[in-house]
Every structure is written in C-alpha cells, then in structure tokens.
Amino acid sequence: MSFSAFLGTHVSLFLIIIINGIGECTLLHYADSRSNPLSLEKNIGRLPKDFQCHHMLKHLHNGARITVQMPPNIEGHWVSTSCEVRPGPEFITRLYKFYNNHTFKAYQFYYKDNHCTTPTYTLVIRGKLRLRQASWIIRGGTEADYQLHRIQIICHSELVAKEMSQRLNRSCRGVVGGGVSWEPNVSFDLWNEDMGCDCSRALNFAMHELQLMRVEKQYLHHNLDHLVEELFLGDIHTEPAQRMYYRPSSYQAALQNAKNHDHTCIACRIIYRSDEHHPPILPPKADLTIGLHGQWVSQRCEVRPEVLFLTRHFVFHDKNNTWEGNYYHYSDPICKHPTFTIYAKGRYSRGVHSNKVMGGTEFVFKVNHMRVTPMDVATASLLNVFNGNECGQEGSWQVGVEQDVTHTNGCVALGIRLPHTEYELFRMEKDARGRYLLYNGQRPSDGSSPDRPEKRATSFQTPLCQCSSTSQGSERGSHEIDRALRINSGSDTNCHIHWGTLSVLTMVYLLLFLS
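This is a predicted model, so every value here is computed, not measured.

> Would you mind going over the overall build of the protein chain with me for this structure?
When helices and strands are tallied, the protein chain shows 10 helices and 24 strands. Within the protein chain, buried positions represent 59% of all 515 residues. Considering only intrachain contacts with a sequence separation of at least 6, the fraction spanning at least 24 residues in the protein chain is 65%. Entry remark: accessible area of the protein chain is about 22000 Å², with carbon and sulfur atoms responsible for 51%.

Next comes the structure, spelled out in structure tokens:
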C-alpha cells in the first residue's frame, strides 16, 4: 500500500529526473488552476457521473485554492491538529512560537497513549532561527538554520520523573546530583549554553525539523472569512538514533496557525492554551477497527523523501482481500505537472493488532501486477535509456501510453521487482466532519523497503480519506483520470523539455555510462 514511496525511495537515479523542475520558471505564489486552461481539475470534471471519488480528486487538483508564501512568514503561534505519532513510537503534540526578533520557543508534549490523554513529560526548547534560501532539493520548501539556547524537561508524574532521572544519569552523569530523583512539575535543564554536555541526546532529541519549512494558506469552503494557515516542518528520521544526523527531505504533519486555524479543530484550541505546567489533554476516544474496504484518496498533494510529489487512490476488495493502487506522480509541490503514473494490484492479509504501536493494525501486502504510464517526454526518454526487457518492451515508451510491466517482473528503471512483499501498519480515525481517514506506515528514511517484519513502520504517512464505501467502478475511474492527465500533460509537453530536463538526462546518460 505504501507502494508509492516504495517505488520512489528505491531509485535515486530515477529521482534525478524529478529535479527537472529546477530549470523551470518557478512560480513562488501558487494560484488556483485558472492559470492553466487545460488543468486536470477541468478534465476530471468530465468524468462519468457514476465515478464516486472524482469530486474529491477534482477538488485536490483544483489546487484547493492554496497559496504558498516564499519566503514563509512563520511569526506567530502554531499548534498540532491532533495527537501525532512519531517513529519509536512516540505520541506527541506541539506548540511552536516564533517571534519577530527571530527567536522561538517550542513546546513538545509527550504522552503515554495514542490519543494524547495521559501526558508523561514536556520539552521546552528555546533558540534562534534564520531563514535562508528556497530549497533546491524540495521545490516549494525553504531552508533555515537554527541555534539552540536552552532545553528544559518537565515530568508530569512521580514515576516518569524517577525513570527519566535514572535514564539521564546513566548517559549524562551530573544532571541530577547525588542520584536524587527529579520531582514532577519542576523544570530541569537538559542543555544550556553554560553546560558542559548536551543531555538531550539521551532522548534522541533533535530540532532538525526547523531546517526545512513551508507555509500554505487556503480559504476553506471558498469562504474568505475562513483563512487557514499551515506550517510544514521537516520530517523526522524513522530510526530515533539517527535523528541528530538527519537533514529533512520531506515534511511531517502540518501545524496550524493558532489565529487562522480550522474552526472544527478542537485539539488546536486545547493545545494553544497549554504550557509546560499545564500540558494539553485531548478528548479521549476509542480506537476504530480497521476495515480495509472501499476507495480512499489523498487529501492534498503529498511529498515523499527525495523529491517525490504524488497523489494516491486506493481500492480495497474485502471479499477476496485484493487491492488496487493508483499513484499519480508530479514534478511540482502542488501536483499540477504529471511525470508518470503507476497502477498496481495484489493481495493483502487479514489485520492483526500491533503489539508495538498502540492503535495500529499490522498487515502483509503483496504486489504482483503493475502498469506504468510516462506522462512527460523526460520520463519516457529515461525509461527508454535502459537496455533489456526489464521494464516493459525496450525502447518502446511513449508519453501517455500505458505499458504492463508484470511480464518483465517489474521495472528496473523504477527500482521495482515483482512479486514484492511489504509488512505494513495501518490505523483509522474519524475527523471532525465525520469522514474516515486511513493512515499507512511511514517509509524508512534510509530509502529501504519494509520487506521484513522487523522493518515494519512505527509511525504513519499523510492520511487518505474514504471517498466511497464500495469498490465498484475503480478501474474505470482510474483510466478516466489517466486520460485527463494525458490531456493535461500533452498541452504543455514541449514546455517541460528545456535546458533543465536536458541537463538532467545528460547526467542520467553519464551515470549509466560510468556504471
């Protein structure tokens, strides 16, 4: 199911082609689809009436009226919208305050449970932040440098205070003198500019998420009185011990501006009123039983590590435990310029409750069939570079023409071998509007695949939203979307083959020659 990132993270060579956006005229202020008369939004609007999910993808490719600030204005207070799950797992909510003198104060509230109802401890991080330039790796992102001034910890129970003081004394002696346990609700320094050591390392703590950021604005339901601002910060390495060495190449769950947030966000209001001595306690709710059936689509243009932008559409057939996945890949962060699409299908196991991640359910997914469609000349040219019949018929790739690559056991150019097995993690939630959300496991940050049980994720990707409780008509709908994508990409194919793409293709040829 996370097959999209599986194919994206396995081939750094193929991903070079995505960087062709560097050579394009970059529009830093993204407007709606009216700038392109043959936009995907208008083409999807012509889909058959019985296609049940097209209206959600139509809104998504409408740009959702999103505006991106470059450089971003991050001054203000930003809050989590729900209980977040970080690799480990760690359950956390965040309250970050950025001031006009470039200083910041960040609260990270940690919890015992996956609904953030039982706080364990809070970290208070103070420092200074300087925005740099637009990221040349992640289009639409901005790079930044930060400097920490002080890190404090406050434990919220006697048991946690005792365990934490013992843990830190083993790895950072001298933090607590004489082996005396900490007291709850009292602040202790983990690091400051006068200390000789950084005791936050014992918690695998890092604030490298501040090295990459992006601010999006949109008016919900086209209401000019309902502005929502979101702050995307860099992703967290899936191996906790690697966090302090990792530079973000994607984003984690967005924070919302406390002044301009979704009015249905109860967690936003609770977190905004909190501090280190009064951690937010979110409303308790029951875990939903995972029901893999019906159709699910992306809610936004998603970003994957190593410069991959995509939207997803999944279909689950619970009667025979089979699944289908449509992955629409793009070269830009608002998913307007398609590069290639993937259609995959296979089987999945029955779910088993996770003993490691509270609220999670474990599955095993198998991929045994795949079709690929290049959507621009650069991608088709790259696929035609590879010799041998290891990705469809050699030298036969054309823009907008789908090929079945099952008989070649996948596609070497995309780093995909069939059949393929992945060990997955899922959870399900219901949002404030009553919609079902489906989360699947975060991909390993090292670019590998969760092809063994011990590599199963402990955190989650951006959720999909259920758009239909039935799986009928799924392939028909996917073919219609592919047709709309072909029309859209065909309208400006020549515009994408410029010096940026040509230089990238030259790099690809050189790499192939040198290898």
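Continuing now.
> Could you clarify how one ought to interpret the state of the cysteines in this entry?
Where two cysteines share a covalent bond between their sulfur atoms, that bond is called a disulfide. This model, assessed by the stated rule, comprises five disulfides. At a sulfur-sulfur separation of 2.1 Å, the disulfide partner of Cys265 is Cys268. Between Cys265 and Cys268 the sulfur-sulfur dihedral comes to about 85°; the bridge is accordingly right-handed. Among the residues examined, Cys268 registers a relative accessible area of 2% and is labelled buried. Note that Cys301 is cross-linked by a disulfide to Cys335, the S-S spacing being 2.0 Å. Handedness here is read from the sign of the S-S torsion; for Cys301 and Cys335, about 75°, the answer is right-handed.

> I would appreciate a short explanation of the pairing of strand S2 (residues 76-79) in the present structure.
Sheet faces and side chains relate simply in a regular strand, where the side chains alternate between the two faces. As judged from the four bridges shared by S2 and strand S4 (residues 90-98), these two strands associate in the antiparallel manner. Looking at the pairing, Val79 lines up with Leu95 of S4. Two strands pair when backbone bridges link them, and S2 and strand S11 (residues 255-257) are joined in this way by two bridges, in the antiparallel orientation. Bridging across to S11, Trp78 finds its partner in Asn257.

> Is there a simple way to think about helix H5 (residues 158-171) in this case?
Along an α-helix, residues three or four positions apart point the same way, because every turn accommodates 3.6 residues. An ideal rise of 1.5 Å per residue puts 20 Å on 14 residues; H5 measures up with 20 Å between its terminal C-alpha atoms. Within H5, burial applies to Val160, Ala161, Met164, Ser165, Leu168 and Asn169. Angular distribution of buried residues about the axis of H5 spans 155°; they occupy a single face of the element. Those residues of H5 that are exposed and angled more than 90 degrees off the buried face are Leu159 and Arg170. On its buried side, H5 packs onto strand S6 (119-134), strand S7 (142-155) and strand S8 (187-192).

> Quick question: what am I supposed to make of empty space enclosed by the protein here?
Gaps left between atoms are located by rolling a probe of water-molecule size over the structure's atoms. Applying the stated rule across the entire model yields six cavities of 30 Å³ or more. Counted as a void, the largest cavity has a volume near 90 Å³. Contributing to the lining of the largest cavity are Val85, Asn114, His115, Asp287, Leu288, Ile290, Met358, Gly359, Arg427, Met428 and Glu429. Among the elements that make up the lining of the largest cavity, the one with the highest residue count is strand S22 (residues 420-430) (three residues). A breakdown of the residues in the lining of the largest cavity according to their chemical character gives five nonpolar, three polar and three charged.

> Just checking my understanding: could you explain the side chain of Thr322 for this structure?
Here Thr322 shows up in strand S15 (residues 322-330). Every residue in contact with Thr322, bar those within four places of it in the chain, is listed here: Val315, Phe316, His317, Gly346, Arg347 and Tyr348.

> Help me understand the confidence of the model for the protein chain in this model?
Interpreting fine coordinate detail is not advised for predicted regions of low pLDDT. With 77% of its residues at a pLDDT of 70 or more, the protein chain shows a mean pLDDT of 82. Low pLDDT (under 50) marks residues 3-50, which in the prediction has 130 contacts with non-local residues, meaning those over four places away or in another chain. Here residues 489-515 scores under 50 on pLDDT; set against residues more than four positions off or in separate chains, the count is 35 contacts.

> Is there a simple way to think about the pairing of strand S14 (residues 308-317) in this case?
The buried fraction of S14 is high, at 10 of 10 residues. Neither face of S14 is exposed, since Leu308, Leu310, Arg312, Phe314 and Phe316 on one face and Phe309, Thr311, His313, Val315 and His317 on the opposite face are all buried. Sheet topology places strand S12 (residues 294-298) next to S14; four bridges connect them, and they run antiparallel. Residue Trp296 lies in a different strand from S14, and its bridge partner there is Phe314. In this sheet, S14 lies alongside strand S13 (residues 302-304) in antiparallel orientation, the contact comprising three bridges. Residue pairing in the sheet places Glu302 in a bridge with Leu310 of S14. Pairing between S14 and S15: nine bridges, direction antiparallel. Across the sheet, residue Arg312 finds its bridge partner in S15, namely Tyr327. Hairpin connection of S14 to S15: four residues between the antiparallel strands, including Asn321 at a positive phi of 55°.

Reading the values: rules and limits
Residues numbered from 1 in each chain as written. Predicted model: local features only at pLDDT ≥ 70, side-chain atom pairs only at ≥ 80, totals over all residues. Heavy atoms only, no water. Helix = DSSP H or I, 4+ residues; strand = E, 2+ residues; numbered from the N terminus. Buried < 20%, exposed > 50% of the residue type's maximum accessible area, 1.4 Å probe, protein only. Contact = heavy atoms within 4.5 Å. Areas by Shrake-Rupley, 256 points an atom, 1.4 Å probe, with all protein chains shown as cover. Disulfide = S-S within 2.5 Å. Pairing = 2+ DSSP bridges. Expected span 1.5 Å × (residues − 1). Arc of directions from axis to C-beta. 1 Å grid on protein atoms, 1.4 Å probe; cavity = no way out; pocket = protein on both sides within 12 Å on 5 of 7 lines; lining within 4 Å. Points joined across faces, edges and corners; volume = space filled by probe spheres on them. Nonpolar A, V, L, I, M, F, W, Y, C, P; charged D, E, K, R; others polar. pLDDT = per-residue confidence, 0-100.

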